[in-house]
Structure formats: C-alpha cells, structure tokens
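# Architecture and fold: a report
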Amino acid sequence: MRFIEVVKQWVNRYFSNTETIYLLVAALVFLLLLLTIGRYLAPVLTGFVFAYVLQGIVDRLVKWKVPHLLAVIIAMLMFVGGLFALVLVILPVVWTQLQEVVDQLPQLASVIQKALYDFSERHPTLLSTTLVDEVLTEFQTTLRETGGDSLTWFVKQLPNMIATVIFLVLVPIAMFFFLKDRQILAKYFERFLPKKRPTIDRIGQDVAIQLGGYIRGKFLEILIVGTVTYVAFILLGLQYAALLALLVGLSVIFPFIGAAVVTIPVVVVALMQFGLSMEFLWIILAYTIIQTLDGNLLVPLLFAEVVKLHPLAIVASILVFGGLGGVWGLFFAIPLAILIKAVADSWPREEPSESPQ
C-alpha cells in the first residue's frame with residue numbers, strides 16, 4: 001500500500017495542473033506525427049527551420065520601420081540569392097570533385113586491399129585473410145552495383161530527382177508563409193489552449209529563444225567551419241578541398257558523431273595523396289586544430305546561453321531520434337532535445353506540503 005501512496009503523490013505532484021494535460025497531449029501528438037508522417041512533412045519542417053534563421057533579419061528590418069511584408073520579401077530574396085550562389089558557384093565544384101572521387105574508387109580499392117592484406121599478414125589473430133577476402137568481395141560488388149549504364153542509373157534515380165525538385169520548391173513556400181503569417185498561425189493554435197496558461201506561455205518563450213538561437217547559431221557555425229576548412233585545405237594543397245570542406249561544415253549538425261565520421265574521408269584522401277609524410281601530418285594537424293577550436297571556442301561563443309545539454313544527452317538524442325526517424329530524425333535530434341529539456345525544466349509541479357511537527 002505504501003507503494004500506491006507514493007505513486008499517487010507523484011501523480012498529484014506532476015499532473016495536478018490542468019496545463020500539464022495540454023502539454024502531455026501536445027507532446028504525444030507531436031511525437032506521433034513525427035514518427036508516422038514526419039518524412040512527408042519534411043518540406044514544412046525544413047521551411048520552419050529556415051524561417052527561424054531569417055526571422056532575425058525580418059525583426060531587424062521591422063525595427064528599422066520597414067513594413068512587415070516588405071521585410072519578409074527582402075529576407076526571402078536574400079535567401080534565394082544565397083541559394084542561387086550555392087547552386088551556381090559551390091555545388092558545381094563539389095559535383096566535379098565528387099565525380100573525380102568516384103573515378104578513383106578502383107584506386108582506393110587497391111589501397112584498401114593492400115593495407116588490409118599487410119595488416120592481416122602482420123596480425124593474423126586480429127584479422128584473418130579469409131575475412132579480408134569477404135570484405136573486399138563485398139566492396140567490389142558495391143562498386144559494380146553503383147556503376148553500370150548511365151541511362152539505367154538515371155532511370156532509377158528519376159523518382160528521387162523529382163522528389164528533390166518538389167522539396168526545393170515547397171521549402172521556400174513554407175518559409176514565406178511561416179514568416180508572413182507567424183502571428184496568425186500562433187493565434188490559430190492558441191484557440192486549442194486554455195485562456196489562462198502562464199506555464200505554457202513560459203515554456204513557449206523559452207523554446208522560441210533557445211530553438212531560434214540554436215538554429216541561427218548552427219547555420220553560422222556551418223558557414224565558419226566550412227569556410228575555414230576550405231581555406232586551410234587549399235593552402236595545404238589537399239585534393240577535393242571543396243567537397244571535404246562541405247562535409248566538415250555539415251558535420252557540425254550532428255555534434256560529436258558528425259566530427260568522428262567525417263574524419264575518415266579527410267584522413268583517407270590525405271593518405272592517398274601524400275602518404276605518411278610531413279604534408280599528411282600538417283593536414284591532420286590543421287584539421288585537428290579546426291575541430292578543437294570549433295568545440296572549445298566557437299560552440300561556447302555561439303551556444304553558451306542557448307543549448308545547455310549534457311554531451312551524453314546530445315549523443316543519446318542523436319541515437320534515439322536517428323534510429324526512430326532516420327536522416328530527418330538526426331537532423332531534428334538536437335532541436336527536439338532542446339524542446340524536451342525546456343518542457344521538463346518548466347513542467348508545473350505541486351510541491352508537497354510539509355507535515356505539521
């Protein structure tokens with residue numbers, strides 16, 4: 001019976017407030033939608049993220065007495081201009097370098113084969129020759145499957161290309177309406193909330209501040225890290241500098257895990273180009289310095305007052321939401337973790353009354 005009383009006290013403490021019911025239902029509905037139809041809502045969710053990035057520009061223009069609609073149009077034109085610059089200037093270079101990497105895959109296979117056989121001969125107990133043969137066979141099969149007739153490849157990829165075009169069209173549309181009708185959308189959803197909702201309002205303000213700061217800071221981090229990496233790799237003469245810099249820049253979306261994964265292509269390309277030489281060591285040193293400055297200087301400057309998540313919480317969020325939602329789960333893992341933490345920190349609770357002495 002004592003256990004039942006403890007459970008009752010816990011329920012009364014955390015679920016006695018009417019607002020908690022709204023919060024619980026809203027959280028369950030949001031999670032259900034994300035897991036079931038989240039991939040179909042990807043353009044809308046992505047538009048929401050980019051709208052957060054541009055909202056600061058819109059607010060600044062409005063403070064300068066620019067009409068709200070005109071401020072939204074100016075912000076959208078800036079975004080479209082940046083998108084065109086990306087498509088016309090950066091992506092062609094990245095695409096060319098990606099094709100060069102694909103053309104050198106047979107050479108990469110030879111390098112990997114030699115390294116694995118050498119390691120197997122030196123340490124047969126750790127890596128047997130049979131296992132090496134199986135790995136190489138699977139790798140060569142993958143190469144053959146990704147190659148083949150270009151027309152056949154194009155036909156297979158056509159649905160993905162159409163989906164990408166639709167995605168690129170819908171995202172700016174969603175952005176525009178999120179920016180233009182933010183107040184209207186907020187008032188619409190307020191109809192489903194209680195009139196007196198101090199806790200929900202406080203949580204909404206906390207989430208808006210933290211989420212907005214995180215998204216804007218993350219885009220700035222991508223730009224800084226990608227640019228610095230590109231300049232460093234160009235100065236050091238590393239091949240595929242644009243492609244690798246893009247990967248390094250995008251890797252900051254996934255803290256810890258992204259940096260660990262993107263290290264592999266950087267090391268492989270540097271090793272294939274320079275071997276175990278001083279040039280290779282300089283590249284690894286420069287890359288290590290960039291990652292160190294990003295984690296210990298740039299991230300604290302950009303997110304010190306925004307994201308207060310423990311590293312284990314960040315890794316757990318990436319693993320859980322990535323496992324549940326795939327790529328989009330990975331993309332929204334940290335924002336969802338911020339949302340959950342804000343709700344947990346502000347969750348209304350009834351403090352137990354002290355028993356009389």
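Parameters at a glance
Residues numbered from 1 in each chain as written. Predicted model: local features only at pLDDT ≥ 70, side-chain atom pairs only at ≥ 80, totals over all residues. Heavy atoms only, no water. Helix = DSSP H or I, 4+ residues; strand = E, 2+ residues; numbered from the N terminus. Buried < 20%, exposed > 50% of the residue type's maximum accessible area, 1.4 Å probe, protein only. Contact = heavy atoms within 4.5 Å. Expected span 1.5 Å × (residues − 1). Phe/Tyr/Trp six-rings, centres within 6.5 Å; stacked < 30°, edge-to-face > 60°. Salt bridge = Lys/Arg side-chain N within 4 Å of Asp/Glu carboxyl O.

### Side note on the overall build of the protein
A tally of helices and strands in the protein yields 14 helices and 0 strands. When its helices and strands are written in sequence order, the protein yields α-α-α-α-α-α-α-α-α-α-α-α-α-α. The buried share among the 357 residues of the protein stands at 29%. Within the protein, residue pairs in contact and separated by at least 24 positions form 71% of the contacts whose partners lie at least 6 positions apart.

### Topic: the environment of Ile57
As for its position among the elements, Ile57 is in helix H3 (residues 42-63). In this structure, the C-alpha to C-alpha distance between Ile57 and Val72, residues 15 residues apart in sequence, is 8.5 Å. In this view, Ile57 contacts Ala75 and Met78; residues no more than four positions away in its chain are not counted.

### Quick look at helix H9 (residues 198-235)
Taking 1.5 Å of rise per residue, 38 residues should cover 56 Å, and H9 covers 55 Å from first to last C-alpha, within 8% of that figure. Backbone geometry just after H9 places Gly237 at a positive phi near 75°.

### Focus on the packing of aromatic side chains
The final tally for this structure, using the stated rule, is 4 aromatic pairs. Cluster of aromatic residues (ring-pair linked, three or more members): Phe50, Phe79 and Phe219.

### A few points about the pattern of salt bridges
Going through the model one piece at a time under the given rule, you end up with 2 salt bridges. Across the pair Lys180 and Asp181 runs a salt bridge whose closest N-O atoms are separated by 3.0 Å. Among the residues examined, Asp181 registers a relative accessible area of 14% and is labelled buried.

### Topic: unusual backbone geometry
The phi dihedral of Lys65 falls on the positive side, at around 70°, and the residue is not glycine. As for its placement among the helices and strands, Lys65 is situated in the loop between H3 and helix H4 (68-103). We note that Tyr240 has phi near 55°; this positive angle belongs to a residue other than glycine. Summarising the element assignment, Tyr240 is placed in the loop between H9 and helix H10 (241-251).

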